[in-house]
Amino acid sequence: MKDTLLRWFHKWGSPKWFYDLSGRWMPWLAGLSLICLLVGSIWALAFAPMDYQQGNSFRIIYLHVPAAILAQSAYMLLAILGVITLVWRMKMTEILATACAPIGASMTFLALVTGSLWGVPTWGTWWIWDARLTSMLVLLFLYLGIMALQDAIRDPSSAARASAILAIVGVINIPIIKYSVEWWYTLHQPATFKLTEKPAMPMEMWLPLLMMLIGFYAFFAWSLLLRARHQVLIREQKTRWVTQLLDAKPATKSDPSESAKS
Amino acid sequence: MYFASFADFLSMQGHGIYVWASYALGLVLILANLLVPIWRTRRLRQRLQRRLQSTAAPAKELNS
Amino acid sequence: MKPQRKQRLIWIGALVIAVAFAAGLTLYALRANINLFYTPTQIAAGEAPLDREIRAGGMVVDGSVKRADDRLYVEFAVTDYQENVVISYDKILPDLFREGQGIVAIGRLNEEGKLVASQVLAKHDENYMPPEVADALAAAEQAKQAATANP
C-alpha cells in the first residue's frame with residue numbers, strides 16, 4: 001500500500017508523465033464540462049422555475065454558487081500544493097500552483113460580481129460590508145497577491161516557495177468564509193449546499209444547480225491541465241522528451257526547397 | 001420552457017439585465033480560462049519548433 | 001520521511017497555528033465592529049448607541065407598514081418576537097420587502113427610539129421554492145388553521 005502510494009507520488013513528480021496523462025484526460029474533461037455547462041445553463045435560464053420571493057433573479061444562483069464553491073476549492077488545492085512544494089520541493093506542484101491561482105481568482109471575481117448583480121434586485125444593495133462579502137473580497141486579494149508573487153520572482157522555484165507560504169497563511173480565510181454566515185449576523189443567507197442535510201430546494205431547482213456544479217469542477221480541471229501543460233513546456237523546453245514531442249508533431253510545414261538543397 | 005414568449009425570456013420580469021449580465025460575465029471568464037492557455041501553448045510550441053529547426057540542421061551536419 | 005522534510009512540515013504547521021491564533025484574536029477583538037447589529041430587544045433595552053450609525057433587523061410586523069400618500073415616506077415596525085422597533089424610511093424599498101419578511105435597516109436612532117433608516121435591505125433565507133409550491137404550502141397552512149379553528 002505504502003509502496004504504491006509512494007510510486008504514485010513519484011510519478012506525479014515527473015512532468016513528462018503528467019504531460020502524457022493529462023493529454024489523455026483532457027478530452028473527457030472537456031466533453032463533461034461542455035455538456036454539463038451547456039445543458040445546465042439552458043436548464044437554469046429557460047426551464048427551471050423561478051423563486052416565489054426573488055422571481056427570476058434567482059437564476060443567478062446557478063452561476064453564483066458553483067463559482068463561489070470552486071473559488072474556495074481552488075484555494076484549498078493551492079494551499080495543499082503549497083505544503084507539498086515547501087516540504088518535498090516537487091516541480092509538478094509548483095507548476096500546478098501557478099496554473100491554479102488565475103482560475104481561482106477569476107472564479108472569486110465571478111462569485112463577487114454575480115453576487116452583486118443578485119443583491120441589487122433582492123437585497124436592495126450591490127455591496128454591504130458584511131462578514132461573508134468581506135471575507136470573499138479578502139480571498140480575491142489573496143489570489144491576486146499569490147499571482148503577483150509568482151510573477152515578481154524570476155526563479156520559478158523561489159517564486160513557488162514564496163507564494164506557497166502566502167497560500168498556506170491565507171488558508172485561515174477559508175473557514176472564516178464558510179462559517180461567516182453562522183458566526184455573525186450577515187445579510188447573506190446560509191449555505192445552499194450542505195453535505196449532511198437534504199437540499200433546501202425542490203428537485204427541479206436543485207438538479208440544474210448540481211449539473212452546473214459538476215460542469216464547473218470539470219471546467220476547472222480542464223483549464224488547470226491546459227495551463228499546467230503550458231507551464232510544463234516552458235520549464236522543460238530544453239529536455240529531450242519535449243524535443244522529441246515537438247519533432248514528432250510539426251506544427252509548421254517544413255519548406256521542401258530547403259531539404260532539396262541539402 | 002418556463003417563459004411564455006421570447007421577449008419574456010429576455011426581460012425576465014425586469015430582472016433580465018441582472019441575469020443576463022451575470023451569464024455574460026460567466027461565459028467570458030470561462031472561455032478566457034480555456035482559450036488563453038490554448039493560444040499560449042500553441043504559440044509556445046511554434047516558437048520552440050522554429051528554434052529546434054534552426055538549431056537541428058547544423059547539429060545534424062556535425063553528427064554525420 | 002526524511003528529518004529535514006519533517007522539520008519543514010512542522011514549521012508549516014506552526015505557522016498555520018500561529019496565523020489562526022492571530023486571526024482568531026483579531027476577529028474576537030473586532031466582533032462588535034463587524035456586527036454593529038442590534039436586535040429590537042437590545043434597542044428597547046437602550047443598548048444601542050444614539051450617536052452613530054447602527055444596523056437593526058428583524059421581521060416586518062404584519063399590518064405595521066404605513067405609507068405616506070404624497071411622498072415615498074414609510075414607517076413600519078420590526079420584531080424579534082420579544083420587542084418591536086419602529087423604522088422610518090424615505091427611499092424606494094427593495095422588491096423583497098413585505099410584511100413577515102426579514103429585513104436589515106441601517107440608520108440612526110432618534111430620541112424616541114425610532115430608527116431613521118438611510119438604507120433598508122431585504123434578507124432572504126436559503127429555502128428557495130417555485131411560486132406554485134409556495135402557494136400550495138400557504139393554502140395547506142390555511143386549511144390546517146381553518147381545521148383547528150372549527151373542529
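Rules behind the numbers
Residues numbered from 1 in each chain as written. Chains lettered and ligands numbered in written order. Predicted model: local features only at pLDDT ≥ 70, side-chain atom pairs only at ≥ 80, totals over all residues. Heavy atoms only, no water. UniProt positions renumbered as here; feature names shortened; annotations may be inferred. Helix = DSSP H or I, 4+ residues; strand = E, 2+ residues; numbered from the N terminus. Phe/Tyr/Trp six-rings, centres within 6.5 Å; stacked < 30°, edge-to-face > 60°. Buried < 20%, exposed > 50% of the residue type's maximum accessible area, 1.4 Å probe, protein only. Expected span 1.5 Å × (residues − 1). Polar contact = N/O pair within 3.5 Å; in protein donor to acceptor, adjacent residues only side chain to side chain. Lys, Arg positive; Asp, Glu negative; His and termini not counted. Salt bridge = Lys/Arg side-chain N within 4 Å of Asp/Glu carboxyl O. Contact = heavy atoms within 4.5 Å.

As recorded in an unreviewed UniProt entry, chain C goes by the name Cytochrome c-type biogenesis protein CcmE, listed as coming from Allopseudospirillum japonicum. Quoted verbatim from the Sequence similarities (unreviewed entry) heading of the UniProt record, the comment on chain C is "Belongs to the CcmE/CycJ family." Check the Function (unreviewed entry) section of the UniProt entry for chain C; it says "Heme chaperone required for the biogenesis of c-type cytochromes. Transiently binds heme delivered by CcmC and transfers the heme to apo-cytochromes in a process facilitated by CcmF and CcmH."

Under an unreviewed UniProt entry, the name given to chain A is Heme exporter protein C, and the organism recorded is Allopseudospirillum japonicum. Regarding chain A, the UniProt comment filed under Function (unreviewed entry) reads as follows: "Required for the export of heme to the periplasm for the biogenesis of c-type cytochromes." Within the UniProt record for chain A, the comment given under Sequence similarities (unreviewed entry) is "Belongs to the CcmC/CycZ/HelC family."

### Side note on the UniProt feature "domain: Cytochrome c assembly protein" (unreviewed entry) in chain A
On the UniProt side, "domain: Cytochrome c assembly protein" (unreviewed entry) is annotated at positions that read residues 31–188 of chain A here. As a span, residues 31–188 of chain A carries 79% helix and 0% strand, and end to end its C-alpha atoms are 34 Å apart.

### Considerations on the packing of aromatic side chains
Overall, the coordinates contain twelve aromatic pairs over all chains when judged by the stated rule. Arranged with centres 5.0 Å apart and planes meeting at 45°, the rings of F58 of chain A and Y128 of chain C form a pair that is tilted. Of this pair, F58 of chain A sits in the loop between α2 (15–47) and α3 (61–88) while Y128 of chain C sits in the loop between β7 (115–123) and α3 (131–149), each in a different chain. As far as the burial class goes, F58 of chain A and Y128 of chain C line up, both buried. Ring geometry for F3 of chain B against F9 of chain B: centres 5.4 Å apart, planes inclined by 55°, an arrangement best described as tilted.

### Section: helix α5 (residues 131–152) of chain A
With 22 residues, α5 of chain A ought to run about 32 Å at 1.5 Å a step, and its terminal C-alpha atoms sit 31 Å apart, in line with that. Two or three places before R132 of chain A, at the opening of α5 of chain A, D130 of chain A has a side-chain oxygen 3.2 Å from that residue's backbone nitrogen.

### Some thoughts on the UniProt feature "transmembrane region" (unreviewed entry) in chain A
The UniProt record marks residues 60–88, 95–120, 126–146, 158–177 and 205–226 of chain A with the feature "transmembrane region" (unreviewed entry), using the residue numbering of this structure. Along residues 60–88 of chain A the backbone is 97% helical and 0% strand, and the end-to-end C-alpha distance reaches 42 Å.

### Let's talk about the side chain of R132 of chain A
Residue and element names in this part refer to chain A. One can find R132 in helix α5. Look at R132: it is buried, it has no salt bridge, and the nearest opposite charge is D130 at 7.1 Å. If sequence neighbours within four positions are ignored, R132 has contacts with I177, K178, S180, V181, T186 and H188.

### As for unusual backbone geometry
Backbone phi values are negative for most residues with the exception of glycine, while trans is the configuration of most peptide bonds. All names here are of chain B. The backbone of M12 shows a phi angle near 50°, a positive value even though the residue is not glycine. Locating M12 in the fold gives a position in the loop between α1 (6–11) and α2 (16–63). Given the relative accessible area of 0%, M12 is considered buried. At Q13, a position not held by glycine, the phi torsion is positive, near 55°. With respect to the helices and strands, Q13 occurs in the loop between α1 and α2.

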